[in-house]
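Listed below are the residues making up each chain.
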Amino acid sequence: MVDVAVQPNRIAPARPAARKSGLKTALKRKSTTAFLMTLPLILLIGILVVYPALYSLHLATLNKSMHKFVGFGNFIFLFKRDTFWLVVKQSCIFALTAVFFKVLLGFIVAHFVHNVPANKQRRWRGMLLVPWVIPPAMSTLAWLWLFDPSYSAFNYTLSLFGIGPVPWLGDANWARFSVILVNVWYGAPFFLIMYLAALKSVPEQLYEAAAIDGANWWQRIWFVTLPMMRNIIAITTLFSLIVTFANFDIVRILTSGGPLDHTHLFATWAFKLGIESGDIPLGASVSLFMFPILAIAAIFILRDVTKRGNEA
Amino acid sequence: MSTLAIDKAGPSRQVKHGSISRDRAWALRWSYFFLILFSIMALTPPLYMVITSLKSSAEISAATNPWWVFHPTLSNYKELLGSSQYLRFFLNSAMVSVFVVVITMLISVPAAFALSRMKFWGSATLATGVFLTYLIPDSLLFLPLFKMFAVIGDWTGIQLINRWYVLLFIYPTLTVPFCTWIMIGYFASIPKELDEAAIIDGASWLQTLTRIFIPVALPGLIAATIFAFTVSWSQFLYPMVFTTSTDQLVLPVGIVTTLIKGDVFNWGQIMTGALLGAAPPLIIYAFLMDYYIAGLTAGATKG
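Predicted model, so just to flag it, every value in this text is computed and none were measured. (Residues numbered from 1 in each chain as written. Chains lettered and ligands numbered in written order. Predicted model: local features only at pLDDT ≥ 70, side-chain atom pairs only at ≥ 80, totals over all residues.)

Undergrad: Can you help me understand the overall build of chain A in this one?
TA: Helix and strand counts for chain A come out as 14 helices and zero strands. By the burial criterion, 41% of the 312 residues in chain A qualify as buried. Long-range pairs, those at least 24 residues apart, make up 66% of the contacts in chain A between residues at least 6 apart in sequence. (Helix = DSSP H or I, 4+ residues; strand = E, 2+ residues; numbered from the N terminus. Buried ≥ 20, exposed ≤ 12 C-beta atoms within 10 Å, placed from the backbone. Contact = placed C-beta atoms within 7 Å.)

Undergrad: How do you make sense of the overall build of chain B when you look at a structure like this?
TA: Secondary structure assignment for chain B yields 15 helices and zero strands. The buried share of chain B, reckoned over its 303 residues, is 48%.

Undergrad: Would you take a moment to explain unusual backbone geometry for this structure?
TA: Glycine aside, the phi torsion of most residues is negative, and most peptide linkages are trans. Although it is not a glycine, Leu-260 of chain A adopts a positive phi angle of roughly 55°. Looking at the secondary structure, you find Leu-260 of chain A in the loop between helix H11 (249-254) and helix H12 (266-276). Positive phi, close to 65°, is recorded for Asn-162 of chain B, a residue that is not glycine. Note on placement: Asn-162 of chain B falls in the loop between helix H6 (138-156) and helix H7 (166-170). Look at Asn-162 of chain B and you get partly exposed, because 15 C-beta atoms sit within 10 Å.

Undergrad: Is there a simple way to explain the confidence of the model for chain B in this structure?
TA: Note: predicted coordinates in regions of low pLDDT should not be interpreted at a detailed level. All names here are of chain B. For chain B, the average pLDDT comes to 82, and 89% of its residues sit at 70 or higher. A low-confidence stretch, residues 1-8 stays under pLDDT 50, and its non-local contacts, those more than four residues away or across chains, total eleven contacts. Overall fold confidence for the complex sits at a pTM of 0.83, while the interface term, ipTM, reaches 0.83. (pLDDT = per-residue confidence, 0-100.)

Undergrad: What am I meant to see in the interface of chain B and chain A here?
TA: How big an interface is tends to be stated in terms of accessible area lost as the parts join. Between chain B and chain A, the residue contacts involve 86 residues of the former and 87 residues of the latter. Among the elements that make up the side of chain B that touches chain A, the one with the highest residue count is helix H1 (residues 19-53) of chain B (14 residues). Classifying every residue of the side of chain B that touches chain A gives 67 nonpolar, 17 polar and two charged. (Nonpolar A, V, L, I, M, F, W, Y, C, P; charged D, E, K, R; others polar.)

Undergrad: So what exactly am I meant to see when it comes to the nonpolar core here?
TA: The nonpolar side chains of soluble globular proteins are, as a tendency, buried together. Judged by nonpolar contacts, the single largest core of 174 residues is most densely connected at Tyr-195 of chain A together with Ala-274 of chain B. Considering every element that reaches this core, the biggest residue donor is helix H8 (residues 172-200) of chain A, with 18 residues. Each of two domains, domain 1 (1-59) and domain 2 (81-311) of chain A, supplies a minimum of three residues to this core. Once residues lying within four places of it in the same chain are set aside, the contact partners of Ala-274 of chain B are Met-138, Leu-141 and Ala-142 of chain A together with Met-49 and Ile-255 of chain B. (Core = buried A, V, L, I, M, F, W, Y, C linked by C-beta atoms within 7 Å. Domains from an automatic or database assignment.)

Spelled out as structure tokens, the structure:
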């Protein structure tokens, strides 16, 4: 881990006696070099991340033509619209359900892979990670085709069992199910890999001790595996919540927010308002609603990073 | 700290006898059963892409079993690879991704070196800040960025919107924070004695970076490169926002906007296009799976 001791001033010497002559200039040169090396990074983050983030706060207070300051006008307008509340509800349903199933599936499948003899794990892991490797825009096209209203391969298969055609993307609730399904399909392999790595780092002795104490498999998971993996589960869940809340590709390609705006997320709705309807301030106001989840994540991660910094 | 360690075989288990081994055998059987099931689920969409890409339009619209190809044909591939528009998308994607990888590495490797080894005022804050930047999603920034580049265009007359190279400015915001972060991790895992020896031998900081850190942290560098490439290759929202003319589009947006538009969906071609578009990341993954996974796990376990 990086040593994160903040130095009070620039020329605080770490080892004062190491060099005799030109100590000050040498140290000064080192910090200047270091600063120059990070300068592109600072510029990039400052100009293309921090500034736009603040700029979106400003944009959200303008009217559509962006000439007049309207204060909270955009937000008041949004709060009055039913579609906005649909989007809030759908974003929460989508993110929470999808993340829950991604975590669950990842955890379960990681155990199956872990059970298999070590020399065969590579092959299974390789196959199971494929959904994560394919660009989501491309794989979502395959799902769109699988969900096609007249030629759906799923419906063909289901019809063999006498189950009627399912309106995968035509009906609001089925469409909600479908976008979540695709998101879980795409994201679960990531959790699988994370949890598999974490499972391997749990010392085998702990399981042996538990087995000697007469623990059954459920107790082994509950009292050994889960506590050992608590951190990684928390972090991956948090990350995934952010990414899933901010999802764009899947919903955009599968439903474009339809039917009747029932599957819009913040990102797709902001895109529709800001780019397609040309109301950038309103779109920016919508995307700002992703801030709360980001803020929560930032607090947790900052706490974690400082903790790790102290450990190092 | 070593993130590549996950690829080693798990701790070997002793062979036990009696009921435990019988339990193990059953657990193994069930594991295989479920793994096969989950693999089928994971591979169905990509396999269906392959199946559809081998079908002619006539076979697709005929109500035959969709899971089987009765008259395989390569006409979709021939048509797409002969279409200058599709090749243009592919070229745009390739140029954007390669340039973004180069830009990302030029920015993040020196920065990670400075942040992990040369402490200076604010370096710790900056390292944390880099990580927080990685969390800001693209869907929060695309509108202000779009407006920013429009304003720049109005002020300076340099038109960047609707040019593929505008993506070279924007994609690094996605790749640089993560790559810097994982490189900080890799560099920090290099023993201090190594660079101290180099400094004593009279190496400059730059020489320490290029002669010692980069060779030693090469696995991390490869992992970061793969990450930057796959992110640039699959990005969808930014090109959707910033580029509209067909000759400026990158692959994912190109397929979605040009092949899907119109009344008749040509699914054979869409699936072929999507499959070819998914090929570069898949090929990289097939050959460099360990690095790919190392990069994946390095990011979050260090978070």
